[in-house]
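# A look at the structure
This is what each chain is made of:
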Amino acid sequence: MAQFRNFRMVSYVVYGRGSFNQLDEILAPNRKAGAPMIFLVDHFFENKPLVNRIPLRNNDKIIFADVTYEPKTTYVDALAQQLKDEFGTVSGIIGIGGGSVMDLAKAVSLMMNNPGSSADYQGWDLVKNPGVYKAGIPTLSGTGAEVSRTCVLTGPLRKLGMNSDFTPFDQIVLDPELTANAPANQRFYTGMDCYIHCIESLQGTFLNEFSKSYGEKALELCQYVFLEKDTWDEECDDKLMMASYAGGMSIAYSQVGVAHAVSYGLSYLLGTKHGIGNCIVMNHLQDYYPEGVAEFKRMVERNNIDIPTGICSGLTDEQFEAMINVSMGMKPLWENALGKDWEKIMTREKLRALYEQL
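In this report, the structure presented in the accompanying data block is examined. (Residues numbered from 1 in each chain as written. Predicted model: local features only at pLDDT ≥ 70, side-chain atom pairs only at ≥ 80, totals over all residues. Heavy atoms only, no water.)

Another point: the layout of surface pockets. Left-over empty space is what a probe sized like a water molecule reveals as it rolls over the atoms. Within this model, the second largest pocket holds a volume of roughly 230 Å³. What lines the second largest pocket is a set of 14 residues, among which Arg187, Asp230, Trp232, Arg302 and Asn303 lie closest to the centre. Counting only elements with at least two residues in the lining of the second largest pocket, the list comes to α5 (184–202) and α6 (209–228). Of all the elements, α5 adds the most residues to the lining of the second largest pocket, at three residues. The residue inventory of the lining of the second largest pocket, partitioned by class, reads seven nonpolar, three polar and four charged. (1 Å grid on protein atoms, 1.4 Å probe; cavity = no way out; pocket = protein on both sides within 12 Å on 5 of 7 lines; lining within 4 Å. Points joined across faces, edges and corners; volume = space filled by probe spheres on them. Helix = DSSP H or I, 4+ residues; strand = E, 2+ residues; numbered from the N terminus. Nonpolar A, V, L, I, M, F, W, Y, C, P; charged D, E, K, R; others polar.)

The next subject is the packing of aromatic side chains. Under the definition given, this model contains nine aromatic pairs. Look at Phe188 and Tyr189: their rings are 6.4 Å apart centre to centre, the planes differ by 75°, and that puts the pair in the edge-to-face class. Each of the two residues, Phe188 as well as Tyr189, counts as buried. Measuring from ring centre to ring centre gives 5.3 Å for Phe210 and Tyr214, while their planes differ by 55°; the resulting arrangement is tilted. Of this pair, Phe210 and Tyr214 are both found in helix α6, four residues apart, which corresponds to roughly one turn of the helix. (Phe/Tyr/Trp six-rings, centres within 6.5 Å; stacked < 30°, edge-to-face > 60°. Buried < 20%, exposed > 50% of the residue type's maximum accessible area, 1.4 Å probe, protein only.)

This part covers the nonpolar core. By size, the foremost hydrophobic cluster in this structure holds 59 residues, and its most contacted members are Trp334 and Tyr355. If sequence neighbours within four positions are ignored, Tyr355 has contacts with Ala261, Val262, Gly265, Leu266, Cys312, Phe320, Met323, Ile324 and Ser327. Counting residues in hydrophobic clusters, the runner-up holds 37 residues, among them Val10, Ala80, Tyr121 and Cys151. (Core = buried A, V, L, I, M, F, W, Y, C linked by side-chain atoms within 4.5 Å. Contact = heavy atoms within 4.5 Å.)

Moving on: the sheet that holds strand β6 (residues 133–138). The sheet built from six strands is open, its strands ordered β1-β9-β6-β4-β2-β3 with parallel pairing. The open sheet has two free edges, formed respectively by β1 (12–15) and β3 (61–65), since each of these has just one partner strand. The mean angle between the axes of side-by-side strands here comes to 15°, regardless of whether they run parallel or antiparallel. As judged from the four bridges shared by β1 and strand β9 (residues 171–174), these two strands associate in the parallel manner. Paired with Val14 across the two strands is Val173, which belongs to β9. The sheet contacts of helix α3 (residues 73–87) involve β2 (37–42), β3 and β4 (92–97), and relative to β3 the element is tilted by about 165°. Running at roughly 170° to β4, helix α4 (residues 99–111) makes contact with β2, β3, β4 and β6 of the sheet. (Pairing = 2+ DSSP bridges. Axes fitted to C-alpha atoms, helices over the stretch in contact; angles between N-to-C directions.)

Pasting the structure below:
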């Protein structure tokens, strides 16, 4: 095994206000005769002005992605099969939306060229063939999905990403104008996903100078936006978009930790969205990230955000076991957080007690 991981990154990045207007020019060299570009667009934008700015050509198609819940393997498989049945092949998949749409676009791209179900590829380095061309255009900032080598999916047995060198986008368009007027709560939850990436990466056992450099910058940007700014303005959108990018890069060569490992269980069982799930968990992790949790709570208070409580009350033993199974399966996350002997530290009983607090 190689001592150092040869890290695959996004091939092309364009950043700047109004850069979305260059999309037609960006996509043109990647078009194949008779094969459409498929635009997977967050259903939030249906009948909104942004849709009219999408540069449709020939038999291109817009599909409004239902992201009421985070992407399921069944949804990925159905979309890929629909496109194969209708077009045979496509020139590319273009995701426009939040982190769920980013993950969905990456997964559908991969499943256009890989057999079976996307559930077969939940894990690390299981994908064997490159997908079709794919581009990501985030309209929310914080998840880092635009730069990650995974696309997190809820499958029949687990919530886990298709982690592979074939997963990153070929192109991302970072246009802060697209994040303007996002609902304050949703903007906060995705922003905190970025903040938590930084805390988990910077305090993890996998930390190295590559991860540290990106993580420290993303953390600095989050602190400025959520603790120093009095009103939300264009500067906030600009900085949070770059925090998201840097935060995603900070975990690319390291890992996340306890908050993500625990929130995956919530999402699998209860359908809790990733950003808010991380916030619910982070609220109770003072034993693991004392300084980070204290600062997180200041951000919550300053931004007048309500973090749900009591979401695990009334669950059965069987339901707790299901969440624990999903969470304990996130071995690299636990090892980054607690070290190689993490299983001696985070027992099933201790994890159950943590879930009961949420």
